[in-house]
Amino acid sequence: MEEDNVNVNARWKMPPEGVIKINVHSFFSDQQLPNGNQSGIGVVCRNSRGDILRILGGSLCIENRRNNEYNAFMEGLKVAFVRGYSNIILEIDHLDAYWDWIHSAIIGAPTQHARIVQQLNQRKADKNFHSVTRLVAPDDNVLAAYVAQHGAENWKHMVHIRRPFGRIMEIWNSDMGLGEIGPQFEVLLEEEINIGIAQGEVEDPQVDQGGDDTGSSGESNDPGHEEPEDLDLMDANLVMQE
């Protein structure tokens, strides 16, 4: 059977089997946000199926753009070490920071960044750890970028997000080629539908609402999205000790 010749311009690409891909991004604002933050970090770990294994977002309250970028790299490598991911692809989208880090063994690192660069190189040199670092376009790193900005706007610590929700789920669906997400596409438990009918929030499809010869019940109300209640608001060190 002849295969379809389809040109798919996917943004995020799945890693090979047995490899964990970790996308990281650092958000930085020249002006303080309303909560006082200027920086944020996003880390997203996915396997060869594209399943989300780990999402971290938040702020380390760093007021220096380059150090924040380096710490985003470090948070990605730290997750890999703590979770036992020994074969990873680290994807980043900060050109200057990537260039300086990769060439630091030859040209050295500026004094103000020397310690974090040394630690990054130490992690990469681990013989039990195989990692490939790739520079990607911002369009290939949208989910980590959103998590970084969301974290900067909401938290003073690094936070483990246990469940994808809202915009995070939308971007993941788009990355995976799973279409749009919204109230009409949301899968609910039967119990939730029954509760909604009882409270008048959802129209009963078995009841003729009138006004239409076809007996259509009309559109259901948008239940909206709520952030999950099981976010762990803890600092990065506590997260890593799980």
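Cut-off values and rules
- Residues numbered from 1 in each chain as written.
- Predicted model: local features only at pLDDT ≥ 70, side-chain atom pairs only at ≥ 80, totals over all residues.
- Heavy atoms only, no water.
- Phe/Tyr/Trp six-rings, centres within 6.5 Å; stacked < 30°, edge-to-face > 60°.
- Helix = DSSP H or I, 4+ residues; strand = E, 2+ residues; numbered from the N terminus.
- Buried < 20%, exposed > 50% of the residue type's maximum accessible area, 1.4 Å probe, protein only.
- Lys NZ or Arg CZ within 6 Å of the ring centre and 35° of its normal.
- Salt bridge = Lys/Arg side-chain N within 4 Å of Asp/Glu carboxyl O.
- Pairing = 2+ DSSP bridges.
- Axes fitted to C-alpha atoms, helices over the stretch in contact; angles between N-to-C directions.
- Parallel < 35°, antiparallel > 145°, perpendicular 65-115°, else oblique.
- Contact = heavy atoms within 4.5 Å.
- Nonpolar A, V, L, I, M, F, W, Y, C, P; charged D, E, K, R; others polar.

Engineer: Could you give an account of the packing of aromatic side chains, naming the residues involved and the relevant values?
Structural biologist: Under the defined criterion, the tally for this structure stands at 2 aromatic pairs. Ring plane angle 70 degrees and centroid distance 6.1 Å describe the contact between tyrosine 70 and phenylalanine 73, whose orientation is recorded as edge-to-face. One end of the pair, tyrosine 70, and the other, phenylalanine 73, are both in helix H1 (residues 65–83), 3 residues apart, so they sit about a helical turn from each other. Across this residue pair, the class does not change: tyrosine 70 and phenylalanine 73 are buried. Taking the centre distance of 5.5 Å and the plane angle of 25 degrees together, the rings of phenylalanine 73 and tryptophan 101 count as stacked. With a gap of 28 residues between them, phenylalanine 73 in helix H1 and tryptophan 101 in helix H2 (residues 95–102) connect regions that are remote in the sequence. Pair check on accessibility: phenylalanine 73 and tryptophan 101 agree, each one buried. Through a chain of ring-to-ring contacts, the aromatic side chains of Tyr70, Phe73 and Trp101 assemble into a single cluster. Looking at lysine 21, its charged tip hangs above the ring of tryptophan 12, at a distance of 5.1 Å from the centre. Taking NZ or CZ as reference, arginine 123 lies 5.0 Å from the ring centre of phenylalanine 129, over its face.

Engineer: Hey, could you go over the pattern of salt bridges for me, with residue numbers and the actual values?
Structural biologist: One pass over the structure, following the stated rule, counts 10 salt bridges. Of the charged contacts, one joins aspartate 175 and arginine 11 as a salt bridge, the two residues approaching to 3.3 Å between their closest N and O atoms. With aspartate 175 in helix H6 (residues 166–176) and arginine 11 in the segment before strand S1 (20–28), this residue pair connects regions lying 164 residues apart in the sequence. Here arginine 66 ties to glutamate 69 by a salt bridge, and the two come within 2.9 Å at their closest N and O atoms.

Engineer: Help me get a handle on the pairing of strand S3 (residues 52–58), residues and values and all.
Structural biologist: In regular strands, side chains alternate between the two faces of the sheet. For S3, the buried fraction is high: 5 of the 7 residues fall into the buried class. Here strand S2 (residues 39–46) pairs with S3 via 6 bridges, running antiparallel. From the neighbouring strand, glycine 42 faces S3, where its bridge partner is glycine 57. Hairpin connection of S2 to S3: 5 residues between the antiparallel strands, including glycine 50 at a positive phi of 90 degrees. Here S3 pairs with strand S6 (residues 158–160) via 3 bridges, running antiparallel. If you follow glycine 57 over to S6, its bridge partner there is valine 159.

Engineer: How would you sum up the packing of helix H5 (residues 142–154) against H6? Please name residues and give values.
Structural biologist: It is at 9 Å that the axes of H5 and H6 come closest, and there the two elements cross at 170 degrees. Viewed along their axes, H5 and H6 adopt a mutual orientation that is roughly antiparallel. Contact residues: H5 offers Val142, Leu143, Tyr146 and Val147, while H6 offers Arg167, Ile168, Ile171 and Asp175. Its residues placed into classes, the contact of H5 with H6 shows 6 nonpolar, no polar and 2 charged.

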